[in-house]
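Fold and geometry: a report
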Amino acid sequence: MLNVKLFQMDTFTSANYEETLRPRMESAQEKLLKGTGAGSDFIGWVNLPQDYDKEEFARIKAAAAKIQSNSKALVVIGIGGSYLGARGVIDCLCSPNYNLKKKSTPNVYFVGNGLSSDAMAEVVELLGDDDFSVNVISKSGTTTEPAVAFRFFRKMLEDKYGKEGAKERIFATTDKARGALKSLADAEGWETFVVPDDVGGRYSVLTAVGLLPIAVTGVDIDALMGGAASMMEVCRKSGYEENPAWRYAAVRYELYCAGKSIEVLGCYDPAFRFMTEWWKQLYGESEGKEGKALFPASVEFTADLHSMGQYIQEGQRILFETMVRLGDSQKQMYVPMDEQDGDGLNFLAGKSMDFVRDRAMEGTLLAHTEGGVPNVIVNLDGRDAYSLGQMIYFFEFACGLSGYLLEVNPFDQPGVEAYKKNMFALLGKPGYEARKAELEAKLGG
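The text that follows walks through the structure, step by step, so that each part is easy to find.

Structural notes on the environment of Glu 254
With respect to the secondary-structure elements, Glu 254 resides in helix H10 (residues 244-257). Look at Glu 254 and you get buried, because its relative accessible area is 13%. Ignoring sequence-local partners within four residues, the contact set of Glu 254 consists of Thr 13, Ser 14 and Tyr 17.

Given below as structure tokens:
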């Protein structure tokens, strides 16, 4: 079972902070479990690992099998929570080089998460003449980036297969009953999956939003949900020894109150990179309100020890690290012997890369804590779907607790709308004429 270790944390925290925080932790947990806190309309993810729609789950697996049988590629169109979780899981369990590997499952391309013409054109070029399907993910269907991308790839499908043929290759994950994408899907006859009303985008990886793309790659989504369900039961418990989400949320809050302003999430495996991107959205969008919260950053060790290591070791003492340990590698590699020993590394000959990695992690842990950087370690049992399901739910539940400790609503995102209003005005969207003139004047000045 996933556990949280606080390494030499007494040096950085006040005495008995956990017991001091206990009443507030109990209150935060009650808000999550009973729906009595701010944003309670969006806590459907809390019981999701047990209460998910089993009929839709079966349809997800059937759709994944269909895509595997008739497509060499799946184009996933979505932004933010509509793609980060799925990409994180696929990278972590299948490889960041998944599309380059020899395999029996389709390539997966993620688009609609930016506005780069070159990036879009590159995916079109990579598809070439291959048969492909599209999974468009949007609650409303009007979010600019994915909506623009969907126009391109829908046209490609219809040009290639005709409207009837394209209908069998478009899968829309959207609102259950309303919105532009839902209306269009119903009119065109596309198969649809649901973005639940009570689950916000950044908490949605264990819904159809994440599960369909993940299932297409062959990842065992039953095991993923099983791991999440096991962690759900753990997170219902009260107490720091019994509930790792309590321990993590409490130490984050304590370090924040002690003056830390940045949390750096990292892992000693490049496959974890997009899980850190998912985590950054989860915590940044949930907590960053009212001038509060830790800034979520990420590193990839050991690579970033050669780029960010100097700052972490001796820069401003404003950050702490949370390191995820994934467990043993699936394929073990051993350092070979070299007769010349020109690099002086024969003392490592016969040792596994995991052994070398773990000693590097331990050495870094000691150096950083001695340099004034607190370290939290999240230990997973393995690097499989079950363990990753545990980790996803753990971070989600701890995020809810953390938001309530900060006394913010962890489930809204009012600040996200600010840039959209300006973008719509500058693009000339009807109804924004006055704002456009005002903004252009400011830009011109």
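Structure shown, so let's carry the discussion forward.
A closer look at the sheet that holds strand S9 (residues 319-325)
As summarised here, the arrangement of the 5 strands in space is S1-S10-S9-S7-S8, forming an open sheet in which the pairing is mixed. Strands with a single pairing partner mark the edges of an open sheet, and in this sheet they are strand S1 (3-7) and strand S8 (295-300). Taking the axes of each pair of neighbouring strands and ignoring which way they run, one obtains an average angle of 25 degrees across the sheet. By the bridge criterion, 6 bridges tie strand S7 (residues 262-267) to S9 in an arrangement that is parallel. Across the sheet, Val 264 pairs through a bridge with Glu 321, a residue of S9. The sheet strands contacting helix H11 (residues 273-287) are S7 and S8, and the helix crosses S8 at an angle near 175 degrees.

Digging into the pairing of S8
Inspection of the sheet shows S7 paired to S8 by 6 bridges, in the parallel sense. Paired with Glu 263 across the two strands is Pro 296, which belongs to S8. In this view, the connection linking S7 to its parallel neighbour S8 by way of H11 has right-handed handedness.

Digging into the pattern of salt bridges
Taken as a whole, this structure holds 31 salt bridges when the rule is applied. A salt bridge links Glu 188 to Lys 163; the shortest N-O distance between them is 3.3 Å. Taken as a pair, Glu 188 in helix H7 (residues 180-188) and Lys 163 in helix H6 (residues 144-167) lie far apart in primary sequence, 25 residues in all. Judged by its relative accessible area of 23%, Glu 188 is partly exposed. Note on Lys 163: relative accessible area 47%, which makes it partly exposed. Residues Glu 287 and Arg 252 are paired through a salt bridge, measuring 3.0 Å at the closest nitrogen-oxygen approach. Of this pair, Glu 287 sits in helix H11 while Arg 252 sits in helix H10; the two residues are 35 residues apart in sequence, bridging distant segments of the chain. Summarising the burial analysis for this pair, Glu 287 and Arg 252 share the class buried. One continuous salt-bridge network, built from bridges that share partners, spans Glu 55, Glu 56, Arg 59 and Glu 191.

A word on the side chain of Thr 173
Within the fold, Thr 173 resides in strand S5 (residues 170-174). On the basis of relative accessible area, Thr 173 is assigned to the buried category, the value being 0%. Reaching out from Thr 173, the side chain makes a polar contact with the side chain of Asn 135 at a distance of 3.1 Å. Discounting chain neighbours no more than four positions away, the residues touching Thr 173 are Asn 135, Val 136, Ile 137, Ser 138, Leu 181, Phe 193, Val 194, Val 195, Ala 208 and Val 209.

So, how was this worked out
- Residues numbered from 1 in each chain as written.
- Predicted model: local features only at pLDDT ≥ 70, side-chain atom pairs only at ≥ 80, totals over all residues.
- Heavy atoms only, no water.
- Helix = DSSP H or I, 4+ residues; strand = E, 2+ residues; numbered from the N terminus.
- Buried < 20%, exposed > 50% of the residue type's maximum accessible area, 1.4 Å probe, protein only.
- Contact = heavy atoms within 4.5 Å.
- Pairing = 2+ DSSP bridges.
- Axes fitted to C-alpha atoms, helices over the stretch in contact; angles between N-to-C directions.
- Right-handed = clockwise from strand over helix to strand, strands pointing away.
- Salt bridge = Lys/Arg side-chain N within 4 Å of Asp/Glu carboxyl O.
- Polar contact = N/O pair within 3.5 Å; in protein donor to acceptor, adjacent residues only side chain to side chain.

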